[in-house]
There are 2 protein chains.
Amino acid sequence: MSSLPSVSVSPVALLVQKFGGTSVADPTRIRDVADHVARCRRRGDEVVLVISAMGKETDELLRLAHEVSEIRPGREMDMLITAGERKAVALVSMALHAAGVDSESYTGSQAGFLTDTNHTNAKILEVNADRIREALDAGRVPVVAGSQGMSTDRDVTFLGRGGSDTTAVALAKVLGADACELYTDVSGVFTTDPRVVDTARKIHRISFDEMLEMTAAGCPKPAMRSVEFAHRHRVPLHVRSAFTWEVGTWVTEEDPDMEEAVIRAVVADLSEAKVTVTGVPDRPGIAANLFRRLADADVNVDMIVQNASEGGVTDISFTVPRLELDQALQICEDKRAEIGAEHVTSGQRIAKVSVVGAGMKSNPGVAATVFETLANHEVNIEMISTSAIRISCVIAHDQADRAVQVLHDVFELEKTEF
Amino acid sequence: MSSLPSVSVSPVALLVQKFGGTSVADPTRIRDVADHVARCRRRGDEVVLVISAMGKETDELLRLAHEVSEIRPGREMDMLITAGERKAVALVSMALHAAGVDSESYTGSQAGFLTDTNHTNAKILEVNADRIREALDAGRVPVVAGSQGMSTDRDVTFLGRGGSDTTAVALAKVLGADACELYTDVSGVFTTDPRVVDTARKIHRISFDEMLEMTAAGCPKPAMRSVEFAHRHRVPLHVRSAFTWEVGTWVTEEDPDMEEAVIRAVVADLSEAKVTVTGVPDRPGIAANLFRRLADADVNVDMIVQNASEGGVTDISFTVPRLELDQALQICEDKRAEIGAEHVTSGQRIAKVSVVGAGMKSNPGVAATVFETLANHEVNIEMISTSAIRISCVIAHDQADRAVQVLHDVFELEKTEF
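What you are looking at is a predicted structure, and each value in this text was computed from that prediction instead of being measured.

A short note on the confidence of the model for chain A
Residues and elements named next belong to chain A. Summary statistics for chain A give a mean pLDDT of 91 and a share of 95% for residues scoring 70 or more. Below a pLDDT of 50 lies the segment residues 1-6, which in the model reaches eight contacts outside its immediate sequence neighbourhood of four places, other chains included. ipTM for the predicted complex: 0.83, alongside a pTM of 0.84.

Take a look at the structure:
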């Protein structure tokens, strides 16, 4: 048996609790959330809620915008999308009243979120949480609309998909909360996707660094931005279920006493595509020129691999989100003549499989084990990239499940308790 | 042929155009509105839009609130309901961009609407339209969310159902607009309901006083509050269709040159019920006591009739919205013993039929004509109330259509052109 996570909150704590879309998808779910908050209040905790739009509401608003107009300025998209969270906070606050909990709802602007003017993906500049503090002092539960704020131009802004996590972490930081609880539809972070590997285990505690590598490797929750933000501001995160209410996964500072597993998790990402530019002249600045152009066009380049130069030319491969592939190809084609490259090719049927674990820093054999294990199971590796605590391999799309299973097995993740 | 309405706007005008829910009910309707605004802009007009929530959205938000919670604080209801207009303004602004019209959307708060704290039915205290003026000066069409503002407590407020008309009139006033156009799903104000009387005619011009009497008598559009407001601030209203875009009905100051029709319209209201308190001691203050109590409970008493006293007791009858009947009866029963009355009875199957026209001031025979006409057609009158320019009769519910038809006929409204 492992020991219980060493992070715990004091019996009476200030908690920021964020509820995602599935947690407030319908009136029954909203009442469940209110009952949970009422239990926390009876226990004596102070609670601040951050709420996302209900269920698929954001998608529906996007669909409506596409039906209405082929021109969709960011400012207007933000006005539209933020209506979803506004609805949700009002309904949650009503349900709290019905559960005997005094509460008030706040838009991002009312909650003091000042952002830049980068519509549809605004960054928080400052949080002036005076109204939230006043509500807490008055014994109320503030219910804050997630992922929104007011810009320096006094316009409504949206922090982007997954921005509610960021709102919650920012509030936890500014209020000095004991923890930020991210309630979702899974019961925590797992050693790998339990739908793929039935021996996957819930991780009880993970460091920020490992969690960041996992989200970068394609683990969908929590949102990377919120983990980075929590890490920077040392806000302990608790990723947990809004359906079973069981204890989930704590994401915290690395702790010297932490039982150090070599590998903590295996993550697969099937959302990317690969671009290869062949016969690139091996001169300084060529690659920089190409990737600057891609960055300017907001193409999110992930892995980059450049093969050893042969005869003065080299091949450059990189991965991008599949939705951005066409744009990336267009840019590479436009640049091809200028940089004197030969061909631009692409592959959509790829998967990125990553193993993540802080323990690999002191275990130099991990990479070799990964490559051998994949080779033994006839999984061909197309690209490799590594960090201090992560090894990622691009492989064929239809071999992803097998690769995840054999890597999970070889590192015996089903046996370890973290 | 009548002359054209003498009210007209200059070739280049500043127009506040309000679009109701049916006018923006779906993407096609929203694009139609944008095309219309683009035509106005090409003509050279400056345009400010005020938009209601799409179609039945407000009803759906109310239904959702009822499903979620039996306790629905006004502050939270306002946060919820105003999300509807926020969605609509963003979509209309996008459609304007697609139609080649530069525009920006504004919440009530951003448009400078400061209100009192009377949630769900807030009153406008002040309109600081600086941002709207700036947008106009920059050549943009501001798209303002109707029926909302920010309270002196910095909370989101809703001005109530029909409040978008009030928003539009208030903006027209503060911007010094040439006219306030209320676009709706009917093509104007009619001499009576065209669904009941097929010879009903559109009224081209009507005075504020007459329009107010018509709305008080049950004419559903425009909202009475906006007509009162427009009257007080001398803002010419133009009630017109967002489907045919034809010229509608102008509501303006009375004009000495205006062709004075004796009767301008016949209006039926089937939404009220009647309460009668019999055997009330005929002492000063008894009726006042009862009606104060009803007013304190927010029961909207409409017609009040007290019969001549006989033997020291009198009967008092009044009408209330049918939805408020139970409450009114309860209050009357509670008061019955205290005021020494005999019985409280009620009738739900009633209709109020009214004839309205400024011309009746100089035509003393109108009331007699109304009573005779109804009597000749065996319509029994249960209650009568009059103002200087209106005569209302309460009759049996199932005789309303016949009463409207014969009154429309006797005053030859099908022949007159206003």
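Side note on the sheet that holds strand β21 (residues 383-387) of chain B
Whenever strands of a sheet pair, they do so through backbone hydrogen bonds, lying parallel or antiparallel. Residues and elements named next belong to chain B. Across the sheet, four strands lie side by side as β15-β20-β22-β21; this open sheet has antiparallel pairing. The two strands at the open ends of the sheet, each matched to only one other strand, are β15 (265-269) and β21. Across the sheet, the mean angle from the axis of one strand to that of its neighbour is 20 degrees, orientation sign disregarded. Pairing of β21 with strand β22 (residues 390-396), which is carried by five bridges, proceeds in the antiparallel orientation. Counted as the bridge partner of M383 is V394 from β22. Set on the sheet, helix α6 (residues 208-216) makes contact with β15, β20 (350-356), β21 and β22; between it and β20 the angle comes to about 170 degrees. Those strands touched by helix α11 (residues 400-410) are β15, β20 and β22, and its axis lies near 15 degrees from that of β20.

Digging into the sheet that holds strand β13 (residues 237-241) of chain A
Residue and element names in this part refer to chain A. Read from one edge to the other, the open sheet built from eight strands follows the order β3-β6-β2-β1-β9-β13-β14-β12, with strand pairing classed as mixed. On the outer flanks of this sheet lie β3 (103-106) and β12 (205-207), each paired with one strand and no other. Taking each pair of neighbouring strands and ignoring which way they run, the sheet shows an average axis angle of 20 degrees. In this structure, β13 lies alongside strand β14 (residues 249-252), joined through three bridges in antiparallel fashion. Counted as the bridge partner of H238 is W250 from β14. Running over the sheet, helix α5 (residues 163-175) touches β1 (14-19), β2 (46-51), β6 (141-145) and β9 (179-184) and is turned about 170 degrees from β1. Together, β12 and β14 form the strand contacts of helix α6 (residues 208-216), whose direction differs from that of β12 by roughly 85 degrees.

Some points on the relation of the copies chain B and chain A
Superposing chain B onto chain A requires a rotation of 179 degrees together with a translation of 0.0 Å along the rotation axis, leaving an RMSD of 0.2 Å. Within this description, the copies of the chain are treated as partners about a two-fold rotation axis. Across chain B, the smallest distance between a C-alpha and the rotation axis is recorded for B:A83, namely 2.4 Å. Of all interface residues in chain B, 100% are interface residues in chain A too; the two copies therefore contact each other through one and the same surface.

Some remarks on the pairing of strand β2 (residues 46-51) of chain B
All names here are of chain B. Counting buried residues in β2 gives six out of six residues, a clear majority hidden from the surface. Of the two faces of β2, the one lined by E46, V48 and V50 and the one lined by V47, L49 and I51 are each fully buried. Note: strand β1 (residues 14-19) against β2, six bridges, orientation parallel. Among the inter-strand pairings, F19 is bridged to a residue of β2, identified as I51. Traced from β1 through helix α1 (residues 27-42) to β2, the parallel crossover comes out right-handed. Note: β2 against strand β6 (residues 141-145), three bridges, orientation parallel. In the sheet register, L49 faces β6, and the bridge partner there is V143.

Description of the nonpolar core
By size, the foremost hydrophobic cluster in this structure holds 246 residues, and its most contacted members are A:V92, A:L171, B:V92 and B:L171. In this structure A:L171 touches A:V16, A:V48, A:V50, A:V127, A:A129, A:I132 and A:V144, once residues within four positions along its chain are discounted.

Concerning unusual backbone geometry
Following A:K221, the chain continues to A:P222 via a peptide bond in cis, the omega torsion being -5 degrees. Positive phi outside glycine occurs at A:R154, with the angle close to 65 degrees. Tracing the chain through its elements places A:R154 in the loop between β7 (148-151) and β8 (156-158). Despite not being glycine, B:S147 has its phi angle at roughly 65 degrees, a positive value. Turning to its location among the elements, B:S147 is positioned in the loop between β6 and β7 (148-151). Of the residues examined, B:S147 has 30 C-beta atoms within 10 Å and is grouped as buried.

As for helix α9 (residues 325-339) of chain A
All names here are of chain A. Counted at 1.5 Å a residue, the expected span for α9 with its 15 residues is 21 Å, and the 20 Å between its end C-alpha atoms agrees. Those residues of α9 lying buried are A328, I331 and C332. Contacts made by the buried residues of α9 are with β16 (272-281), α8 (286-296), β18 (313-321) and β19 (343-347).

Quick look at the packing of helix α2 (residues 57-68) of chain A against helix α3 (residues 74-98) of chain B
Relative orientation and spacing of two packed helices are given, respectively, by the angle between their axes and the distance between those axes. At a closest axis distance of 9 Å, the pairing of α2(A) and α3(B) adopts a crossing angle of 30 degrees. At the point where α2(A) passes α3(B), the crossing takes the right-handed sense. Two secondary-structure elements touch here, α2(A) through A:L61, A:L64, A:A65 and A:V68 and α3(B) through B:K87, B:L91, B:M94 and B:A95. Looking at the contact of α2(A) with α3(B), its residues break down into seven nonpolar, no polar and one charged.

Remarks on α1(B)
The end-to-end C-alpha distance of α1(B) is 23 Å, a good match for the 22 Å that 16 residues give at a rise of 1.5 Å each. B:R29, B:I30, B:R31, B:V33, B:A34 and B:V37 are the residues of α1(B) that are buried. Check the buried side of α1(B) and you find it contacts α2 of chain A together with β1, β2, α3 and β6 of chain B. Just past α1(B), the residue B:G44 takes up positive phi, approximately 105 degrees.

Concerning the environment of B:R349
Residues and elements named next belong to chain B. Secondary-structure assignment places R349 in the loop between β19 (343-347) and β20. The class of R349 is exposed, set by 10 C-beta atoms lying within 10 Å. Spatially, the C-alpha atoms of R349 and I206 are 31 Å apart, while their sequence positions differ by 143 residues.

A look at the interface of chain B and chain A
Each side of the interface is counted separately: chain B has 32 residues, and chain A has 32 residues. At the level of secondary structure, the elements contributing two or more residues to the side of chain B that touches chain A comprise α1, α2 (57-68), α3 and β3 (103-106) of chain B. No other element matches α3(B), which puts 15 residues into the side of chain B that touches chain A.

Details of the environment of A:M94
Along the chain, A:M94 falls in helix α3 (residues 74-98). Here A:M94 is in contact with B:A65, B:V68, B:S69, B:I71, B:R72, B:P73 and B:E76, once residues within four sequence places are set aside.

The rules behind these values
Residues numbered from 1 in each chain as written. Chains lettered and ligands numbered in written order. Predicted model: local features only at pLDDT ≥ 70, side-chain atom pairs only at ≥ 80, totals over all residues. pLDDT = per-residue confidence, 0-100. Contact = placed C-beta atoms within 7 Å. Pairing = 2+ DSSP bridges. Helix = DSSP H or I, 4+ residues; strand = E, 2+ residues; numbered from the N terminus. Axes fitted to C-alpha atoms, helices over the stretch in contact; angles between N-to-C directions. Least-squares fit on C-alpha atoms with pLDDT ≥ 70 in both. Buried ≥ 20, exposed ≤ 12 C-beta atoms within 10 Å, placed from the backbone. Right-handed = clockwise from strand over helix to strand, strands pointing away. Core = buried A, V, L, I, M, F, W, Y, C linked by C-beta atoms within 7 Å. Expected span 1.5 Å × (residues − 1). Left-handed = near helix turned anticlockwise from the far one by under 90°. Nonpolar A, V, L, I, M, F, W, Y, C, P; charged D, E, K, R; others polar.

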